[in-house]
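# Structural overview
The lines below spell out each chain.
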Amino acid sequence: MTERPRFSRAELESFRDAEVPDLLAGPGDPPTRLLFVGINPGLWTAATQTHFAHPGNRFYPALLRAGVITEPVDAAAGMSEEDRNRFRARGIGITNLVRRATAKASELTAAELREGGAELVRLVEHVRPRVVAVAGITAYRQAFALPKAVPGRQPGPIGSAELWVVPNPSGLNAHETVATLAEAYAEVGRAAGLLPPQR
């Protein structure tokens with residue numbers, strides 16, 4: 001296992017406004033069935049070039065508990081190419097509403113989130129996943145100008161994909177646990193055909 005890096009505050013700050021490439025299917029990979037959408041990269045994510053990488057983030061433990069992925073991922077150390085290939089082979093992709101890294105999502109402007117929503121629509125039309133899962137209701141409401149939207153499956157699609165809003169796995173989201181996140185992620189996993197239907 002790769003050793004987890006240690007970053008000073010100054011080192012992390014040097015990654016402000018950096019971008020993290022999307023994790024998407026390449027030539028020869030199975031089509032993307034489930035596209036997770038984060039709000040924007042945090043500084044640790046930018047430093048490791050790995051989505052949802054902060055040590056306090058519960059994204060990968062929740063995916064594992066849900067059965068959406070079958071191998072643990074220590075994202076805080078940076079995803080290995082083997083990890084990325086397993087995601088692509090499962091038909092799972094990851095992108096963000098806004099590309100630039102910040103210390104907190106609250107640093108983003110409403111205009112950036114709206115622009116990110118429009119960019120996401122274009123990406124979904126290109127990638128054509130079965131399900132899109134946006135991780136964070138507040139950012140979703142701002143990005144799509146839907147102030148009364150509630151979590152769960154949304155009434156309308158995004159492109160040709162089913163659209164869901166799932167809880168944000170950030171450690172700052174104290175309302176959620178790995179168990180509650182796993183329940184929500186299992187729902188989108190079933191919708192995307194990655195997990196068997198619930199009996």
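Residues numbered from 1 in each chain as written. Predicted model: local features only at pLDDT ≥ 70, side-chain atom pairs only at ≥ 80, totals over all residues. Heavy atoms only, no water.

## Things to note about unusual backbone geometry
Filter applied, for reference: Secondary structure elements are defined from DSSP: runs of H or I of at least 4 residues count as helices, runs of E of at least 2 residues count as strands, and each element is numbered from the N terminus. Note on exposure labels: buried denotes an accessible area under 20% of the residue type's maximum, exposed denotes more than 50%, and partly exposed covers the range between, all computed with a 1.4 Å probe on protein chains only.
Although it is not a glycine, aspartate 17 sits at a positive phi angle of roughly 75°. Counting through the fold element by element, aspartate 17 comes out in the loop between helix H1 (9–13) and strand E1 (34–38). We classify aspartate 17 as partly exposed; its relative accessible area is 44%. Of note in this structure, glutamine 49 is not a glycine but carries a positive phi near 55°. Tracing the backbone shows glutamine 49 in the loop between helix H2 (43–48) and helix H3 (59–66).

## Overview of the packing of aromatic side chains
To keep it simple, the criterion reads: Pairing of aromatic rings covers Phe, Tyr and Trp, the last counted by its six-membered ring, and requires centre-to-centre distances within 6.5 Å; plane angles under 30 degrees mean stacked, over 60 mean edge-to-face, and any other angle means tilted.
Counting across every chain of the model gives eight aromatic pairs. The interplanar angle of 90° and the centroid separation of 5.1 Å between the aromatic rings of phenylalanine 36 and phenylalanine 59 together place this pair among those described as edge-to-face. Of this pair, phenylalanine 36 sits in strand E1 while phenylalanine 59 sits in helix H3; the two residues are 23 residues apart in sequence, bridging distant segments of the chain. An identical accessibility class is assigned to phenylalanine 36 and phenylalanine 59; each is buried. With a centroid separation of 5.9 Å and 70° between ring planes, the pair formed by tyrosine 60 and phenylalanine 87 is classed as edge-to-face. Of this pair, tyrosine 60 sits in helix H3 while phenylalanine 87 sits in helix H4 (residues 81–90); the two residues are 27 residues apart in sequence, bridging distant segments of the chain. For tyrosine 60, a relative accessible area of 3% corresponds to the buried category. Members of the aromatic cluster, each reached through a chain of ring pairs, are Phe36, Phe52, Phe59, Tyr60, Phe87 and Tyr185.

## Notes on H3
Since the α-helix packs 3.6 residues into each turn, any two residues three or four apart lie on the same face. To be explicit about the condition: This arc is taken over the directions from the axis of the helix to the C-beta atoms. We call two residues contacting when some pair of their heavy atoms lies within 4.5 Å.
For H3, the complete set of buried residues consists of Phe59, Tyr60, Ala62, Leu63 and Ala66. Take H3 and look down its axis: the buried residues cluster within an arc of 160°, on one side only. Buried residues in H3 make contact with E1, H4, strand E2 (92–96) and helix H7 (178–191). Once H3 finishes, glycine 67 follows within two positions and takes phi at roughly 90°, a positive value.

## Here's the deal with the environment of proline 41
Structurally, the position occupied by proline 41 is in the loop between E1 and H2. Separated by 58 residues in the primary sequence, proline 41 and arginine 99 place their C-alpha atoms 6.8 Å from one another. Discounting chain neighbours no more than four positions away, the residues touching proline 41 are Val20, Asn96, Val98, Arg99, Arg100, Ala101 and Thr102.

## Side note on the sheet that holds E1
Within a sheet, adjacent strands bond to each other through the backbone by hydrogen bonds, running parallel or antiparallel. Quick reminder of the rule: Two strands qualify as a pair provided DSSP detects at least 2 bridges between them.
Taken in spatial order, the five strands of this open sheet run E2-E1-E3-E5-E4, and their pairing is mixed. Single-partner strands in this sheet number two, and they are E2 and strand E4 (152–153).

## Observations regarding the packing of H3 against H7
The geometry of a pair of packed helices is captured by two quantities: the angle between their axes and the separation between those axes. Note the following rule: A fitted line through C-alpha atoms serves as each axis, taken over the contacting stretch for helices, and the angle formed by two N-to-C directions is quoted from 0 to 180°. Our angle categories are set so that under 35 degrees counts as roughly parallel, over 145 as roughly antiparallel, 65 to 115 as roughly perpendicular, and the remainder as oblique. Each helix crossing is assigned a hand: it is left-handed if the near helix lies turned anticlockwise from the far helix by less than a right angle, otherwise right-handed if that turn is clockwise. Residue type decides the class: Asp, Glu, Lys and Arg count as charged, Ala, Val, Leu, Ile, Met, Phe, Trp, Tyr, Cys and Pro as nonpolar, and the leftover types, Gly among them, as polar.
Where H3 contacts H7, the axes come no closer than 8 Å and their chain directions differ by 60°. Taken together, the axes of H3 and H7 are oblique relative to one another. Once H3 is placed against H7, the crossing between them reads as right-handed. Packed against H3, whose contacting residues are Phe59, Pro61, Ala62, Leu63, Arg65 and Ala66, the element H7 presents Val178, Ala179, Leu181, Ala182, Tyr185 and Ala186 at the interface. For the contact of H3 with H7, the residue count by class is 11 nonpolar, no polar and one charged.

## Here we look at the pairing of strand E5 (residues 162–166)
Here E5 lies mainly inside the structure; four of its five residues are buried. Direction of pairing for strand E3 (residues 131–135) relative to E5: parallel, over a ladder of five bridges. When the bridges of E5 are listed, valine 134 appears paired with valine 165. Alignment of E4 against E5, held across two bridges, turns out to be antiparallel. Directly across from glycine 152, in E5, lies its bridge partner valine 165.

## A word on the nonpolar core
What counts, and what does not: Nine residue types can take part in a nonpolar core, namely buried Ala, Val, Leu, Ile, Met, Phe, Trp, Tyr and Cys, and a core is a set of them joined through side-chain atoms within 4.5 Å.
Formed by 40 residues in total, the largest nonpolar core has its most connected members in Leu34, Phe36, Tyr60, Phe87 and Tyr185. Counting only elements with at least two residues in this core, the list comes to E1, H2, H3, E2, E3, E5 and H7. The biggest single contributor to this core is H7, with six residues. In contact with tyrosine 185, not counting residues within four places along its chain, are Phe36, Phe59, Ala62, Leu63, Ala66, Val68, Val166, Pro167, Asn168 and Pro169.

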